[in-house]
Amino acid sequence: MQSVGQPRVTGADEELRVLELRAAVSRLRRELAGHPAEFKDRAIAEDELGALGAMAAPGGTPEAARMRRSLLLIVGSIGSVSALASALLGVREAVDLFGDLPRPPR
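Because the structure is predicted, anything quoted here is derived from the model rather than measured.

**Some remarks on the pattern of salt bridges**
And step 1. Taken as a whole and judged by the stated rule, the model has seven salt bridges.
And step 2. One salt bridge connects Glu46 with Arg42, and the closest N-O pair in it is separated by 3.3 Å. With Glu46 and Arg42 both in helix 2 (residues 42–56), this residue pair falls four residues apart, about one helical turn.
And step 3. We classify Glu46 as partly exposed; its relative accessible area is 38%.
And step 4. When the shortest N-O distance is used, the salt bridge between Asp96 and Arg68 registers 3.3 Å. With Asp96 in helix 4 (residues 85–96) and Arg68 in helix 3 (residues 64–78), this residue pair connects regions lying 28 residues apart in the sequence.
And step 5. Residue class for Asp96 comes out partly exposed when judged on its relative accessible area of 34%.
And step 6. Exposure remark for Arg68: the relative accessible area of 22% places this residue in the partly exposed category.

So, in structure tokens, the structure goes:
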């Protein structure tokens, strides 16, 4: 069900958003894999990138709430690694393409 004020998403628009998410996740995964430093929460970031990647894969189901949760965990895990900031921003922007979460009824 579409929320009031949310633009209608067509199949083509949905596919573009999914492709953007897939590309952003792939880029961050590559950059994280190539980053030489080990840090405490790296495995969390890798797991959550896997979850985002699964949602963006063919046959996956992007869920806005789950994507935002994954994004928060990734940011918390690698947000202080400045070398990954650009790729991390790309993932955030791709998740943002899926719009705001629906607001609960009043």
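So much for the structure itself; the text now carries on.
**Looking at the packing of helix 2 against helix 3**
A pair of packed helices is characterised by two quantities: the angle between their axes and the separation of those axes.
And step 1. Where helix 2 meets helix 3, the closest approach of the two axes is 8 Å, and the angle between their N-to-C directions is 155°. The angle between the axes of helix 2 and helix 3 places the two elements in the roughly antiparallel class. As for how helix 2 packs across helix 3, the hand of that crossing is left-handed. Contact with helix 2, carried on its side by Ile44, Ala45, Glu48, Leu49, Ala51, Leu52 and Met55, involves Arg66, Met67, Arg69, Ser70, Leu73, Ile74, Ser77 and Ile78 of helix 3 and no other residues of that element.
And step 2. Of the residues assigned to the contact of helix 2 with helix 3, the class counts are ten nonpolar, two polar and three charged.

**Observations concerning the nonpolar core**
If you look at soluble globular proteins, the nonpolar side chains tend to sit buried side by side.
And step 1. Leu21, Leu28 and Ile78 are the most contacted members of the largest nonpolar core, which has 24 residues in total.
And step 2. Elements that contribute at least two residues to this core include exactly helix 1 (11–34), helix 2, helix 3 and helix 4.
And step 3. The dominant element in this core, judged by the number of residues it contributes, is helix 1, at six residues.
And step 4. The contacts of Leu21, once residues within four sequence positions are left out, are Leu52, Ala56, Met67, Ala94, Val95 and Phe98.

**Observations regarding helix 4**
And step 1. Here helix 4 spans 16 Å end to end across twelve residues, near enough to the 16 Å set by a 1.5 Å rise per residue.
And step 2. Here helix 4 has its buried residues at Ala87, Leu88, Gly90, Val91, Ala94 and Val95. Projected down its long axis, helix 4 shows its buried positions confined to an angular sector of 155°, all on one face.

Quick notes on the rules
Residues numbered from 1 in each chain as written. Predicted model: local features only at pLDDT ≥ 70, side-chain atom pairs only at ≥ 80, totals over all residues. Heavy atoms only, no water. Salt bridge = Lys/Arg side-chain N within 4 Å of Asp/Glu carboxyl O. Helix = DSSP H or I, 4+ residues; strand = E, 2+ residues; numbered from the N terminus. Buried < 20%, exposed > 50% of the residue type's maximum accessible area, 1.4 Å probe, protein only. Axes fitted to C-alpha atoms, helices over the stretch in contact; angles between N-to-C directions. Parallel < 35°, antiparallel > 145°, perpendicular 65-115°, else oblique. Left-handed = near helix turned anticlockwise from the far one by under 90°. Contact = heavy atoms within 4.5 Å. Nonpolar A, V, L, I, M, F, W, Y, C, P; charged D, E, K, R; others polar. Core = buried A, V, L, I, M, F, W, Y, C linked by side-chain atoms within 4.5 Å. Expected span 1.5 Å × (residues − 1). Arc of directions from axis to C-beta.

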